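Read off the chains here:
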Amino acid sequence: MNQRSNQRSYPHLRLPTATTPARSLSLASVRSHNYGSTINQNPPISQQQQQRQQQVVGKPTRFRHRLTKPLMAARKLVMGRATSSGSETSSKSGKFSLFKAYEKTMSVATQMFPLWTLLSAVLAIKNPASFAWFDTKWFTAGLGVLMLSMGITLSPADFAKVLSKPLPVAVGFVSCYGLMPLIALGLAKAFALPKALTAGLVLCGSINGGQASNLCAYIAKGNVALSVMMTLSTTVGAIVMTPLLSKFLLGTNVPVDAQGIAISTMQVVLLPLVLGMGMKQLVPRFVEAMTPLTPVVGVISTCLLVGSAVAQVAPDIVSAGLTLQLAAMLLHLIGGLAGYWAMRALKQDEITSRTSGIETSMKSSAFGFLLAKLHFGDYAARVPPAVSVVWMALIGATMAVVWRRMPINEQPAAGDTTTGALAENPIPETA
């Protein structure tokens, strides 16, 4: 090996020569040279060269500019803040911002559900003729549209998970036909209501859950599939339970048309749900675009149902006074709180408890109004169901909006899930 080449490669490592003594290879000499730092360090540069390098690094090269430009455009598109007019990026950003505005508008309209319900009731009392066109045919159609708007947020897997744990459905059934009739009877006695008003109020507590509860469960971040199953079970149970409770608590025979209930359940519950779930599978993009609108459709349908029932007995509601109003309000408020805390006592999660509270509170008061109209001889017996329609919607909508604002800090139990659309949070939060 040539000594000169070694010295050129490793100038600090000198082999012994005639002019270099052997002691230069001692351990102390090797350590003092610090090979690593000497080999890896760059040669010193002047301050002027450092400034030139900083200027070069600070200026984006053409290649770097080509990379960052589309990335920045994509960021503006996602944030909805693209400003370049006339370009493709600007048009896409505009569409995105428009959809965000659409979602926010639907959210605000949905979260004002209690106000719309109250306005519908006031309008029906002040001007009953404004709801004269909403007859039985439109009433049935309104319920169908309400269930269709919920059906597109569901899938068969949601119902399979609910059926895997039937305890919440069973508890909801007991709350509907065991708890609510006793609360109604206790309130009627506490407020010393006349016999006819007592019969109407107890009838409200003895009927099935209402379809509007599914909408409120959706708004409250509840389990819509569980809510629908509770509604179905209590609707079928009304064939037996409503006449039995009316006879036991009131001593009145209230015949219920089993065939009519079965047909109505098919028309306004099952068929719209199946149609909605089919649309979700066949036209998912259309359903995704329509999902923020579904709560608003449900709110409009519910407000029409409330106004129609109130308009038919508007003078009697006014003449009934505050006593009946307070009794009807407490029926739905106490029932909702009891349904919620019953689930919490059974160690159920927050989502299931919210769903149970809303389902217990929101009865099918419109169906009770129809039964009182057909089977109770005293005209005054139909007034409590009409009053209950208003308070049922007000209390249920208020609970839904309040719970919507309250975060869920726990994970749902296995088998208890919200709907897929809800998991994607289609109703954006508003400040």
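Predicted, not measured: the structure shown is a model, and the values here were computed from it. (Residues numbered from 1 in each chain as written. Predicted model: local features only at pLDDT ≥ 70, side-chain atom pairs only at ≥ 80, totals over all residues. Heavy atoms only, no water.)

As a further point, take the overall build of the chain. Helix and strand content of the chain: 21 helices and 0 strands. The 431 residues of the chain split such that 45% are buried. Counted over contacts in the chain with a minimum sequence separation of 6, partners at least 24 positions apart contribute 81%. Only carbon and sulfur atoms are counted for the fraction: they give 65% of the accessible area of the chain, which is about 22500 Å². (Helix = DSSP H or I, 4+ residues; strand = E, 2+ residues; numbered from the N terminus. Buried < 20%, exposed > 50% of the residue type's maximum accessible area, 1.4 Å probe, protein only. Contact = heavy atoms within 4.5 Å. Areas by Shrake-Rupley, 256 points an atom, 1.4 Å probe, with all protein chains shown as cover.)

Among the structural elements, Thr360 can be located in helix 18 (residues 350–361). On the basis of relative accessibility, which here comes to 2%, the residue Thr360 falls in the buried class. Thr360 has contacts with Ser175, Met180, Gly335 and Gly339, leaving out every residue within four places of it along the chain.

Take the packing of helix 9 (residues 156–164) against helix 13 (residues 224–250) next. Close contact between helix 9 and helix 13 brings their axes to 9 Å; oriented N to C, the two are set at 65 degrees. By the angle class used here, helix 9 and helix 13 are roughly perpendicular. Helix-helix and strand crossings are classified by hand; for helix 9 and helix 13 the assignment is right-handed. Facing helix 9, whose interface residues are Asp158, Phe159, Val162 and Leu163, helix 13 presents Ala225, Leu226, Val228 and Met229. Its residues assigned to classes, the contact of helix 9 with helix 13 shows 7 nonpolar, no polar and 1 charged. (Axes fitted to C-alpha atoms, helices over the stretch in contact; angles between N-to-C directions. Parallel < 35°, antiparallel > 145°, perpendicular 65-115°, else oblique. Left-handed = near helix turned anticlockwise from the far one by under 90°. Nonpolar A, V, L, I, M, F, W, Y, C, P; charged D, E, K, R; others polar.)

Let us now look at the confidence of the model for the chain. Confidence in the prediction of the chain, expressed as mean pLDDT, is 76, and 70% of residues score 70 or more. Confidence drops under a pLDDT of 50 for residues 22–40, and excluding neighbours within four residues, the segment shows 14 contacts in the predicted structure. Segment residues 74–90 is flagged for pLDDT under 50; beyond a separation of four residues in sequence, or across chains, it makes 19 contacts in the model. (pLDDT = per-residue confidence, 0-100.)

A few words on a nonpolar patch on the surface. Where nonpolar side chains cluster on the molecular surface, the patch consists of Leu115, Trp116 and Leu119 and spans about 250 Å² of accessible area. If you trace the backbone, Leu119 turns up in helix 7 (residues 113–126). The partly exposed category is assigned to Leu119, whose relative accessible area is 45%. (Patch = residues over 30% accessible without salt bridge, like charges linked within 9 Å, V, L, I, M, F, W, Y side chains within 5 Å. Salt bridge = Lys/Arg side-chain N within 4 Å of Asp/Glu carboxyl O.)

Turning our eyes to something else, we now look at helix 13. The terminal C-alpha atoms of helix 13, which comprises 27 residues, lie only 34 Å apart, well short of the 39 Å expected from a rise of 1.5 Å per residue. At Ala238, helix 13 is deflected by roughly 60 degrees, the largest bend along its length. For helix 13, the capping residue at the N-terminal end is Asn223, with a side-chain oxygen 3.3 Å from the backbone nitrogen of Ala225. Positive backbone phi, approximately 70 degrees, marks Gly251, located one or two places after helix 13. (Expected span 1.5 Å × (residues − 1). Bend = angle between axes of the 7 residues up to and from the residue. Polar contact = N/O pair within 3.5 Å; in protein donor to acceptor, adjacent residues only side chain to side chain.)

Following the criterion strictly, the structure yields 4 aromatic pairs and no others. Ring-pair connections join several aromatic residues into one group, and the members of that group are Tyr340, Trp341 and Trp403. Sitting over the ring of Tyr177, Lys363 keeps its end group 5.4 Å from the ring centre. (Phe/Tyr/Trp six-rings, centres within 6.5 Å; stacked < 30°, edge-to-face > 60°. Lys NZ or Arg CZ within 6 Å of the ring centre and 35° of its normal.)

The subject of this paragraph is unusual backbone geometry. Despite not being glycine, Ala192 shows a phi value in the positive range, around 50 degrees. Mapping Ala192 onto the fold places it in the loop between helix 10 (167–190) and helix 11 (195–205). Of note in this structure, Lys347 is not a glycine but carries a positive phi near 65 degrees. Turning to its location among the elements, Lys347 is positioned in the loop between helix 17 (314–345) and helix 18. Classification of Lys347 as exposed rests on a relative accessible area of 75%.

What follows covers the nonpolar core. When a protein is soluble and globular, its nonpolar side chains tend to lie buried together. By size, the foremost hydrophobic cluster in this structure holds 43 residues, and its most contacted members are Phe113, Leu154, Phe159, Leu215, Val228 and Ile358. In terms of residues, this core owes the most to one element, helix 13, which gives 7 residues. Leaving out residues up to four positions away in the same chain, Phe159 has contacts with Leu154, Ala225, Val228, Met229 and Met277. Counting 30 residues, the second largest nonpolar core, distinct from the first, contains Leu193, Leu201, Leu331 and Ala393. (Core = buried A, V, L, I, M, F, W, Y, C linked by side-chain atoms within 4.5 Å.)

Let us look at the environment of Met180. Looking at the element boundaries, Met180 is found in helix 10. Leaving out residues up to four positions away in the same chain, Met180 has contacts with Ser175, Gly205, Leu331, Gly335, Thr360, Ser361 and Lys363.

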